[in-house]
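What follows is the residue order along each chain.
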Amino acid sequence: IADEITDITIAWTQADFLEIASAVGEAAWDDPMALTDWGIFGILFDGGCQNAPVGFDSATITYLKTININGETYYETRLIEINPYFGSVRWGSGARYPASVGWKSLALNASEITAENALLIADENGGKEARSQVENRCFFHTGLSIGNQLNWRIDYFLAPGVLSYIIDLKTGEFELVNSPE
């Protein structure tokens, strides 16, 4: 049977990945990485176009927390990478940065639009057509970063270019920001 199963896609949701990340945090640091205690500095979901807009194959989550050490304020970060297809989880911590860099965390727990909602919006507004033109032989990223404070960014990596959308985190309004044409 293993020879017949060569390309399985794991289509997990944002909530699925955050639940696994919480379990990893509990096991690695005795900390469930609750979004009430930790902010999200960046989050990136990947997937294959053959399953869009169902879910994601992997996730990378960078957490951010303000801490005080000897009267100095710092940002502490933790990174968790989850790849169910390979049965792997990687994590790291220990990076600290002076608070003077002025970072902010993303209010993911207050967002109205989840990563899978954002992908669906992009798919319904040109992404599905673009995927079908390349027979779903492509992949996509769905991400939030400090640079796109209130927006999801969806990138479809097609041959010969990239189709990109910005989706408002609260309203779901979208903007096409890059087209391969």
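Think of each chain on its own: its residues are numbered from 1, step by step along the sequence as written. Two thresholds apply to this predicted model, a pLDDT of at least 70 for residue-level local features and 80 or more for giving and counting side-chain atom pairs, whereas whole-chain, interface and lining totals are computed over all residues. Excluded from the side-chain calculations are hydrogens and water; all other atoms, namely the structure's heavy atoms, are used.

Colleague: Got a minute to help me understand the pairing of strand S2 (residues 58-69) in this structure?
Modeller: Put simply, side chains in a regular strand alternate between the two faces of the sheet. We treat two strands as partners when DSSP finds at least two bridges between them. For the purposes of this entry, the term helix denotes a DSSP run of H or I that reaches at least four residues, the term strand denotes a run of E that reaches at least two, and both are numbered from the N terminus. Here strand S1 (residues 39-48) runs beside S2; their pairing, made up of seven bridges, is antiparallel. Bridging across to S2, Gly39 finds its partner in Leu64. Here S2 runs beside strand S3 (residues 72-83); their pairing, made up of eleven bridges, is antiparallel. By the bridge assignment for S3, Lys65 is matched with Glu76.

Colleague: Can you help me understand the environment of Trp29 in this one?
Modeller: By the secondary structure assignment, Trp29 is in helix H1 (residues 14-29). Taking the C-alpha atoms as reference points, Trp29 and Ala95, 66 residues apart in sequence, are found 14 Å from one another. Ignoring sequence-local partners within four residues, the contact set of Trp29 consists of Val24, Arg78, Leu79, Ile80, Trp91, Gly92 and Ser93. Polar contact criterion, stated in full: a pair of N or O atoms within 3.5 Å, where within protein one must be able to donate a hydrogen and the other to accept it, and residues adjacent in sequence count only if both atoms are side-chain atoms. Within polar-contact distance, the side chain of Trp29 engages the side chain of Ser93 at 3.1 Å. Working rule for contacts: check all heavy atoms of both residues, and any pair within 4.5 Å makes them a contact.

Colleague: Sorry if this is basic, but what is going on with the nonpolar core here?
Modeller: The tendency in soluble globular proteins is for nonpolar side chains to be buried as a group. Core analysis: the biggest nonpolar cluster contains 38 residues, and Ile43, Tyr63, Trp152, Tyr156 and Ile167 have the highest contact counts within it. Residue assignment for this core shows that the elements contributing at least two residues are H1, S1, S2, S3, helix H2 (115-133), strand S5 (139-145), strand S6 (151-157) and strand S7 (162-168). At six residues, H2 tops the list of elements feeding residues into this core. When neighbours within four sequence positions are excluded, Ile167 is seen to be in contact with Ile113, Ala118, Ile121, Ala122, Leu150, Asn151, Trp152, Ile154, Gly172, Glu173 and Phe174. We define a nonpolar core as any set of buried Ala, Val, Leu, Ile, Met, Phe, Trp, Tyr and Cys residues linked to one another through side-chain atoms lying within 4.5 Å. Summary of the burial criterion: residues with accessible area below 20% of their type's maximum are buried, those above 50% are exposed, and those between are partly exposed, where the area comes from a 1.4 Å probe applied to protein chains only.

Colleague: So what exactly am I meant to see when it comes to the state of the cysteines here?
Modeller: Among covalent bonds in proteins, the disulfide is the one between the sulfur atoms of two cysteines. When two cysteine sulfur atoms lie within 2.5 Å, the pair is treated as a disulfide. Inspection of the entire model under this criterion finds one disulfide. Put simply, Cys49 and Cys138 are joined by a disulfide, and their sulfur atoms are 2.1 Å apart. Between Cys49 and Cys138 the disulfide shows an S-S torsion of about -120°. By sign, it is left-handed. Here Cys49, found in the loop between S1 and S2, pairs with Cys138, found in the loop between H2 and S5; they are 89 residues apart in sequence, far enough to count as distant.

Colleague: Teacher, can you tell me more about H1 here?
Modeller: Note that an α-helix has 3.6 residues per turn; residues three or four places apart therefore point the same way. With 16 residues, H1 should cover 22 Å at 1.5 Å per step; its first-to-last C-alpha distance of 22 Å lies within 8% of that length. If you follow the buried residues of H1, they end up packed against S1, S2, S3, strand S4 (88-98), H2 and S6. Directly after H1, the chain includes Asp30, whose backbone phi takes a positive value near 55°. Given a helix with a known number of residues, its expected span is that number minus one, times 1.5 Å.

Colleague: Would you mind showing me how to read H2 here?
Modeller: Between its terminal C-alpha atoms H2 stretches only 24 Å, short of the 27 Å expected from 19 residues at 1.5 Å a residue. Of all the bends in H2, the largest measures some 70° and sits at Glu124. Along H2, the positions that sit buried rather than exposed are Ala115, Glu116, Ala118, Leu119, Ile121, Ala122, Asp123, Gly127, Ala130 and Arg131. Contacts made by the buried residues of H2 are with H1, S1, S5, S6, S7 and strand S8 (174-178). Bend is computed residue by residue as the angle between axes fitted to the seven residues ending at the residue and the seven residues starting at it.

Colleague: Would you take a moment to explain the sheet that holds S6 for this structure?
Modeller: Strand-to-strand pairing in sheets goes through backbone hydrogen bonds, with the strands running parallel or antiparallel. Here eight strands make up an open sheet; going across it, the order is S4-S3-S2-S1-S5-S6-S7-S8 and the pairing antiparallel. Each edge of the open sheet carries a strand with a single partner, namely S4 and S8. Neighbouring strand axes in the sheet, compared pairwise and without regard to direction, differ in orientation by 15° on average. Axis lines are fitted through C-alpha atoms, for helices just across the contact stretch, and the angle between N-to-C directions can take any value from 0 to 180 degrees.

Taken by themselves, the reported measurements are silent on function.
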